[in-house]
Amino acid sequence: MECELKQVLASESSSTDNSVSFPRVTAVASGWMLDFMFVSLCRSFKEGNFDAFNETLSVFEALFQSKSLKAAGHNEKSLICAFLARVMHGKQLDVLFEKDEHVMPLMSAAVVWSSLENAVEDEGLFKEITCLLFVQAVAVCLEKGQRSSASSVLKWFEKRHAYPRNLGIKLSTIVIKTDTYHPVLMSFSFKRLLETINSFLDNYLKKNPCDFLVKTATGFVQSSQNVMDSESVELEDGTVSEKQSETTQKNKKTKRKLLSAKLPEAWSPDATKKPCVSLRRLSRSEVWHLTARKTLETSPLQNSEKCVEKKTRKKWTPQLDKYLQDGVKRHGQGNWSRILLDYDFEGRTGTMLKDRWRVLLKTYKVG
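Residues numbered from 1 in each chain as written. Predicted model: local features only at pLDDT ≥ 70, side-chain atom pairs only at ≥ 80, totals over all residues. Heavy atoms only, no water.

### Things to note about the pattern of salt bridges
Using the criterion set out here, one finds 12 salt bridges in the structure. Close ionic contact of Asp-342 with Arg-330 constitutes a salt bridge, the shortest N to O distance being 3.5 Å. Here Asp-342 is found in helix H15 (residues 336-342), whereas its partner Arg-330 is found in helix H14 (residues 318-331), with 12 residues between them in sequence. In this structure Asp-342 comes out as buried when scored by relative accessible area, which is 5%. Beyond isolated ion pairs, a larger network of salt bridges with shared partners links Lys-91, Glu-143, Arg-330 and Asp-342. (Salt bridge = Lys/Arg side-chain N within 4 Å of Asp/Glu carboxyl O. Helix = DSSP H or I, 4+ residues; strand = E, 2+ residues; numbered from the N terminus. Buried < 20%, exposed > 50% of the residue type's maximum accessible area, 1.4 Å probe, protein only.)

Take a look at the structure:
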């Protein structure tokens, strides 16, 4: 069935090659792929899967650079992706998205969000997310013990964004008292921000369906699975009959050499390594390492020095261990993606957090 489907698609494409402009076909196909990556990106954001989000974002950006994609809808999706990226890094104050190093991720997210007002049907939802970004931009600074940064955030928002005046007064008082457990901060929490953004994404995808390629691929996989299941049954029946034949021939003690009953292995493509690409902005220490790596790659000793570089690892500091312990207390063991959002682990992944936690358990540094 899969072969027949491919033949039909091939015949249809060959019959339309002369009547349809190929650049237009490319534009449509690229649009479908971009929509697929957009849906995947929204899914990773909802699941809090930090690594999958960054990988998908890199593919989305590469597709978006295509000259064939000029529709306004694609620009809107690109802005939404930029907004989600800033929120995902919202609690990492040293990650930069703007030229001004004083503009933190959630501040940058507020700038992008203001340009998406026309994409939000519910005016109340738009204002709610605006206020949540404002509160959380201040709250994150207080959580990190940076009261001066929190004051700077307040002044920055006063100059650039409209928000309820009484909310600004309350936040000013909270910053002065450094009251990180104030009811306002508890009400306008980071969790609520994520949930409200998820509601926006659900409404947006409902109004702007981007699942054509998802549905097509799902149908193809289901039909292929049915074919594979039926072929598997046939192969099993053939194997049983061959084994029965071998048994009969052995019982007759014939000297004729039996044919091997071993079935040929199913064809499978060669496994290739997944590219580990991240579009997130890097911390200053990571930028230094990246610059050093480029210098090594252009030197005559490239091969030998690369091997040394791969073996070097960042050391876990007592402060990072404390972040990890606090994160586990707050979110529970296993919720590494959530813990990554709360603290700056200097570019480490959820897997690295899990491995470090095991080390701490083995050395009895945690209970």
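### Quick look at a nonpolar patch on the surface
A cluster of nonpolar residues, Val-20, Phe-22 and Val-25, forms a patch on the protein surface that exposes about 280 Å² of accessible area. Turning to its location among the elements, Phe-22 is positioned in helix H2 (residues 22-47). By relative accessible area, Phe-22 is classed as exposed at 60%. (Patch = residues over 30% accessible without salt bridge, like charges linked within 9 Å, V, L, I, M, F, W, Y side chains within 5 Å. Areas by Shrake-Rupley, 256 points an atom, 1.4 Å probe, with all protein chains shown as cover.)

### Details of the nonpolar core
Phe-83, Val-87 and Leu-133 are the most contacted members of the largest nonpolar core, which has 80 residues in total. It is helix H6 (residues 123-143) that contributes the most residues to this core, 14 residues altogether. When residues of this core are sorted by domain, at least three fall in each of domain 1 (22-207) and domain 2 (318-365). Contacts of Phe-83, omitting those with residues within four sequence positions, involve Ala-109, Val-112, Trp-113, Leu-116, Ile-129, Leu-133 and Ile-197. (Core = buried A, V, L, I, M, F, W, Y, C linked by side-chain atoms within 4.5 Å. Domains from an automatic or database assignment. Contact = heavy atoms within 4.5 Å.)

### Points about the packing of H14 against helix H16 (residues 350-362)
Two elements in contact, H14 and H16, have axes separated by 11 Å at closest approach and are oriented at 95°. Taken as axis vectors, H14 and H16 run roughly perpendicular relative to one another. Facing Asp-321, Leu-324, Gln-325 and Val-328 of H14, the residues of H16 in contact are Leu-353, Arg-356, Trp-357 and Leu-360. (Axes fitted to C-alpha atoms, helices over the stretch in contact; angles between N-to-C directions. Parallel < 35°, antiparallel > 145°, perpendicular 65-115°, else oblique.)

### Comments concerning the packing of aromatic side chains
Throughout the structure, instances matching the rule amount to 13 aromatic pairs. Each ring, one from Phe-45 and one from Phe-53, has its centre 6.5 Å from the other, and the planes form 55°; the classification is tilted. Given the relative accessible area of 4%, Phe-45 is considered buried. Exposure remark for Phe-53: the relative accessible area of 0% places this residue in the buried category. Ring geometry for Tyr-323 and Tyr-343: centres 4.9 Å apart, planes at 20°, overall stacked. (Phe/Tyr/Trp six-rings, centres within 6.5 Å; stacked < 30°, edge-to-face > 60°.)

### Let's talk about the environment of Ser-30
Inspection of the secondary structure puts Ser-30 in helix H2. Distance in space between the C-alpha atoms of Ser-30 and Leu-63 is 7.2 Å, their sequence separation being 33 residues.

### Some points on the packing of H2 against helix H3 (residues 50-64)
Where H2 contacts H3, the two axes come as close as 9 Å, and the packing angle between them is 160°. On the basis of their axis angle, the class for H2 and H3 is roughly antiparallel. In the crossing of H2 with H3, the sense of the turn from one axis to the other is left-handed. On H3, the residues that touch Met-33, Leu-34, Met-37, Phe-38, Ser-40, Leu-41, Ser-44 and Phe-45 of H2 are Ala-52, Phe-53, Thr-56, Leu-57, Val-59, Phe-60, Leu-63 and Phe-64. Residues of the contact of H2 with H3, tallied by class, amount to 13 nonpolar, 3 polar and no charged. (Left-handed = near helix turned anticlockwise from the far one by under 90°. Nonpolar A, V, L, I, M, F, W, Y, C, P; charged D, E, K, R; others polar.)

### As for the side chain of Arg-348
With respect to the secondary-structure elements, Arg-348 resides in the loop between H15 and H16. Looking at Arg-348, its side chain comes within polar contact range of the main-chain oxygen of Lys-315, at 3.0 Å. Polar side-chain contacts of Arg-348 include one of 3.1 Å to the backbone oxygen of Phe-345. Contact partners of Arg-348, with chain neighbours within four places excluded, come to Lys-314, Lys-315, Trp-316, Leu-320, Leu-340 and Leu-353. (Polar contact = N/O pair within 3.5 Å; in protein donor to acceptor, adjacent residues only side chain to side chain.)

### Description of the state of the cysteines
Across all of its chains, the model carries 0 disulfides by this definition. No disulfide involves Cys-81; its nearest neighbouring cysteine sulfur is the one of Cys-42, lying 6.6 Å away. You can call Cys-81 buried: its relative accessible area is 2%. (Disulfide = S-S within 2.5 Å.)

### Details of unusual backbone geometry
One non-glycine residue, Thr-178, adopts positive backbone phi at about 50°. Look at Glu-346: it is not a glycine, yet its phi comes out positive at around 55°. By the element assignment, Glu-346 lies in the loop between H15 and H16.

### With respect to the confidence of the model for the protein chain
Per-residue pLDDT for the protein chain averages 76, and the proportion of residues at 70 or more is 69%. Helix H10 (residues 190-207) holds the highest mean pLDDT among the elements of the protein chain, 94, whereas helix H13 (residues 302-311) holds the lowest, 43. Contacts for the low-pLDDT stretch residues 252-280, under 50 throughout, to residues beyond four places or in other chains number 27 contacts. Note that pLDDT drops below 50 for residues 295-311; the model gives that stretch 7 contacts with residues more than four away or on any other chain. (pLDDT = per-residue confidence, 0-100.)

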